[in-house]
Amino acid sequence: IAVAIRIAAARVAALGVTLAVVCAPAGAQTRISLAQLGFRSGPTFSAVYAGQKVVVRGVVSAPAFHFIDYSMLAIQDGSNGGVLRVAVPDVSLEKYRPGDEIEAQGTVSSQYGMTVLQPEKINVVDRKPAPQPKDLAPGELQSMMHLGELVRTQGPVVAPYRNSGGAGVFVVGPKDNYRLFIPRAPGQDFANVDSIRLGATVRFTGIALQYCPAPPYNSGFELLVASVNDI
């Protein structure tokens, strides 16, 4: 396979990883790490494993997040994070809890620039201590390095916002403002962020994510927050 993987992707470069591409029989499941799941390539920073069937393993770090038309579940393996995604009305991710170590088989895809795994089979293989959030500055989260990880950060609030998928606030970042996003589940109202005062410094915990609808997929970093209680 001619792989023009010019590993220009920030995550790969930052990790100093040499990527080996293995030719597998059609339909075979390739076992990869969560770091590999996040590999990007080329000028568009697209997922290296997009369209491939893979097996990943990790510990659930937070209950599933529910959006209007899909749900996400974050997992970690000690060094990196990753995200599973299923479409509504699938509620299979709802039963997993922080500390569940799972093995998931499925197809690598992308959700608004964020690399995700669309699972076809999930097995709980062990129970482990639930991952604890990493304390990071907003600037550290505005890259691909920590995508899919449970993190905690803080910053001054500069503006509230709302779109069709949910609500949240922007906090000050070193280059661009960093967004906290509270998704709106099917049949639910928008989160009420009116109690979060502009100028106040807030601390918040959630999953580092990306919302970048158009290539190149190297921007649009945000924190996925379950509720106002996590701010």
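Our structure is the block above this text.
1. Let's talk about the side chain of Arg85
Right, on to step 1. Its place among the elements puts Arg85 in strand 7 (residues 81-87).
Right, on to step 2. Asp69 is the oppositely charged side chain nearest to the buried, salt-bridge-free Arg85, at an N-O distance of 5.5 Å.
Right, on to step 3. Of note is the side chain of Arg85, whose polar atom sits 2.4 Å from the side chain of Gln111.
Right, on to step 4. Discounting chain neighbours no more than four positions away, the residues touching Arg85 are Tyr70, Ser71, Met72, Gln111, Val116, Leu117, Gln118 and Pro119.

2. Notes on the packing of aromatic side chains
Right, on to step 1. Throughout the structure, instances matching the rule amount to 5 aromatic pairs.
Right, on to step 2. Ring centres of Phe67 and Tyr70 lie 4.4 Å apart, and the angle between their planes is 15°; this geometry places the pair in the stacked category. In this structure, Phe67 and Tyr70 share a single accessibility class: buried.
Right, on to step 3. Take Phe67: its relative accessible area is 6%, and that puts it in the buried class.
Right, on to step 4. Sitting over the face of the ring of Phe190, Arg162 holds its NZ or CZ atom 4.2 Å from the ring centroid.

3. Observations regarding the pattern of salt bridges
Right, on to step 1. Under the defined criterion, the tally for this structure stands at 8 salt bridges.
Right, on to step 2. One salt bridge connects Glu101 with Arg57, and the closest N-O pair in it is separated by 3.2 Å. With a gap of 44 residues between them, Glu101 in strand 8 (residues 100-111) and Arg57 in strand 4 (residues 53-60) connect regions that are remote in the sequence.
Right, on to step 3. On the accessibility criterion, Glu101 (8% relative accessible area) is buried.
Right, on to step 4. Among the ionic pairs, Lys128 bridges to Glu101, the shortest N-O distance being 3.4 Å. Linking Lys128 in the loop between strand 9 (114-127) and strand 10 (134-135) with Glu101 in strand 8, this pair joins segments that are 27 residues apart in sequence.
Right, on to step 5. Residue Lys128 is classed as partly exposed on the basis of its relative accessible area of 37%.

Conventions adopted
- Residues numbered from 1 in each chain as written.
- Predicted model: local features only at pLDDT ≥ 70, side-chain atom pairs only at ≥ 80, totals over all residues.
- Heavy atoms only, no water.
- Helix = DSSP H or I, 4+ residues; strand = E, 2+ residues; numbered from the N terminus.
- Buried < 20%, exposed > 50% of the residue type's maximum accessible area, 1.4 Å probe, protein only.
- Lys, Arg positive; Asp, Glu negative; His and termini not counted.
- Salt bridge = Lys/Arg side-chain N within 4 Å of Asp/Glu carboxyl O.
- Polar contact = N/O pair within 3.5 Å; in protein donor to acceptor, adjacent residues only side chain to side chain.
- Contact = heavy atoms within 4.5 Å.
- Phe/Tyr/Trp six-rings, centres within 6.5 Å; stacked < 30°, edge-to-face > 60°.
- Lys NZ or Arg CZ within 6 Å of the ring centre and 35° of its normal.

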